[in-house]
Amino acid sequence: MSQQRKAVALISGGLDSMLATKAILEQGIHVEGINFFTGFCVEGHTHAIRKQDEAKTKRNNSLWVAEQLGIKLHIIDIIEEYKQVLLNPKHGYGANLNPCLDCKIFMVNKAKQWMAENGFDFIITGEVVGQRPMSQRKQTMPIVAAESGADDLLVRPLSAQNLPATLPEREGWISREALFGFSGRSRKPQMALAKQYGFSDYAQPAGGCCFLTDAAYSQKLADLWQARGKRDYDLDDVMLLKVGRHIRPKPHFKLIVAREDGEARFMSGYKKEFVSMNCASHRGPLVLIDGTPDEDDLHLAARILARYGQGRDAANVDVTIRDRQGNERQISVAPLAADQIPEAWFV
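In short, a report on the structure. (Residues numbered from 1 in each chain as written. Predicted model: local features only at pLDDT ≥ 70, side-chain atom pairs only at ≥ 80, totals over all residues. Heavy atoms only, no water.)

What follows concerns the pairing of strand β7 (residues 253-257). With five of five residues buried, β7 is to be regarded as a mostly interior element. The alternating pattern of β7 places Phe-253, Leu-255 and Val-257 and Lys-254 and Ile-256 on opposite faces, both of which are buried. Of the pairings in the sheet, the one linking strand β6 (residues 245-250) to β7 comprises four bridges and is antiparallel in character. Bridging across to β7, Lys-250 finds its partner in Phe-253. Relative to strand β9 (residues 287-291), β7 runs antiparallel, the two being bridged by five bridges. Counted as the bridge partner of Phe-253 is Gly-291 from β9. (Buried < 20%, exposed > 50% of the residue type's maximum accessible area, 1.4 Å probe, protein only. Helix = DSSP H or I, 4+ residues; strand = E, 2+ residues; numbered from the N terminus. Pairing = 2+ DSSP bridges.)

This part covers the packing of helix α5 (residues 100-118) against helix α6 (residues 141-148). When two helices pack together, their arrangement is given by the angle between the helix axes and the distance between those axes. For the pair α5 and α6, interaxial distance at closest approach is 8 Å and the crossing angle is 45°. By the angle between their axes, α5 is oblique relative to α6. Of the two possible hands of crossing, α5 and α6 adopt the one that is right-handed. On α6, the residues touching Leu-101, Lys-104, Ile-105, Val-108, Asn-109 and Lys-112 of α5 are Ile-143, Val-144, Glu-147 and Ser-148. When the residues that make up the contact of α5 with α6 are grouped by side-chain class, the tally is five nonpolar, two polar and three charged. (Axes fitted to C-alpha atoms, helices over the stretch in contact; angles between N-to-C directions. Parallel < 35°, antiparallel > 145°, perpendicular 65-115°, else oblique. Left-handed = near helix turned anticlockwise from the far one by under 90°. Contact = heavy atoms within 4.5 Å. Nonpolar A, V, L, I, M, F, W, Y, C, P; charged D, E, K, R; others polar.)

This part takes up the nonpolar core. Counting residues in hydrophobic clusters, the biggest one holds 36 residues, and the most contacted among them are Phe-40, Tyr-82, Ile-123 and Leu-212. Among the elements of the structure, β1 (6-10), β2 (30-37), α4 (79-87), α5, α6 and α9 (215-228) are those that each provide at least two residues to this core. Looking at which element gives the most residues to this core, the answer is α5, with nine residues. Once residues within four sequence positions are removed from consideration, Ile-123 is found in contact with Val-8, Leu-10, Val-108, Ala-111, Lys-112, Met-115, Ala-150, Leu-153, Leu-154 and Val-155. (Core = buried A, V, L, I, M, F, W, Y, C linked by side-chain atoms within 4.5 Å.)

In this structure the tally under the stated criterion is ten aromatic pairs. One aromatic cluster in this structure is built from Phe-40, Tyr-82, Phe-106, Phe-211, Tyr-217 and Tyr-233. Lys-83 extends its terminal NZ or CZ atom over the ring of Tyr-233, reaching a point 5.3 Å from the ring centre. (Phe/Tyr/Trp six-rings, centres within 6.5 Å; stacked < 30°, edge-to-face > 60°. Lys NZ or Arg CZ within 6 Å of the ring centre and 35° of its normal.)

Here we take up the sheet that holds strand β3 (residues 73-77). Strand order in this open sheet of five strands is β3-β2-β1-β4-β5, and the pairing throughout is parallel. Strands at the two margins of the open sheet, each flanked by one partner only, are β3 and β5 (154-155). Of the pairings in the sheet, the one linking β2 to β3 comprises five bridges and is parallel in character. For Phe-36, the partnering residue across the bridge sits in β3 and is Ile-76. Strands in contact with α5 are β1, β2, β3, β4 (122-124) and β5; relative to β1, the strand with the most contacts, it is inclined by about 150°.

The next point concerns the sheet that holds strand β8 (residues 275-279). Sheet strands line up and pair through hydrogen bonds in the backbone, either parallel or antiparallel. Across the sheet, which stays open at both edges, the six strands sit in the order β6-β7-β9-β8-β10-β11 with antiparallel pairing between neighbours. This sheet does not close on itself; its edge strands, each paired only once, are β6 and β11 (328-333). Looking at each pair of strands side by side, their axes are set apart by 25° on average, direction ignored. Alignment of β8 against β9, held across three bridges, turns out to be antiparallel. Bridging across to β9, Ser-276 finds its partner in Leu-288.

Keep in mind these numbers describe shape, not what the thing actually does.
See the structure below:
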């Protein structure tokens, strides 16, 4: 009896990796999924936090995809290793701070290492020729295979017929004829295939949960690096850049202002890491202060906070200031008018 071959699939939680994996499962291959956690590609928690997202499904899409496919999923934390990819991308950034080509090379290389360590035979990705402007062009897809070290053990089932045959195809482990020749940015072929496979519920087909592709998020990250004088970050930074209004009145400090109760509850978990503020005399948002503010800065921050509370039209608002040790004191301030908060302060 012939040996059953085993493949590891990069599962992002999007439609393409779901379809690519299903195509290989249909050929009798044992498949397990792998999802690399960078901190930048989790949107489920933001859907749970914000009221405006309450209609969106609260789930980890990669876990959900694995469940739909009936495969085991390995989630691997690469936060620290990924820093060098983001901070020093050999192939540069996309439109924002997204190092898409270096990211793909890095993740396929990590999958190759996992494959070798666990006795698997080849790697599956959901890449489609021409779909992404940086990492999925016909010219760059061979770069991913070569620089990751995966070479012809990297199978892209959705575009296989547009690419040179890989070793699993040449050796007859999988049938090239049963793979696909998708190309371009249209998602209609994938959506039709999803219907054929019986998938009616899946993440937005235009895909991409990576916050680094978002201009506003990238601007906040660049601002953080500039303010700290070094290009570095930790997971708390990654998470807090996703919530609140970020207002920087001076280079050495900024406010993170909760926009709603869900964000305030989430940000409350960081009170021991930051000086925090809230309105005592009126209903208002929670604010975290990042940086090194002096007393005058805290007074200004309190006036900005008061502007975003229900006391914005009052003569004075009482504001509670809480240090990292939990010690509290109150000050009374006059709220800033809207035109006293310049647009340039908003990150």
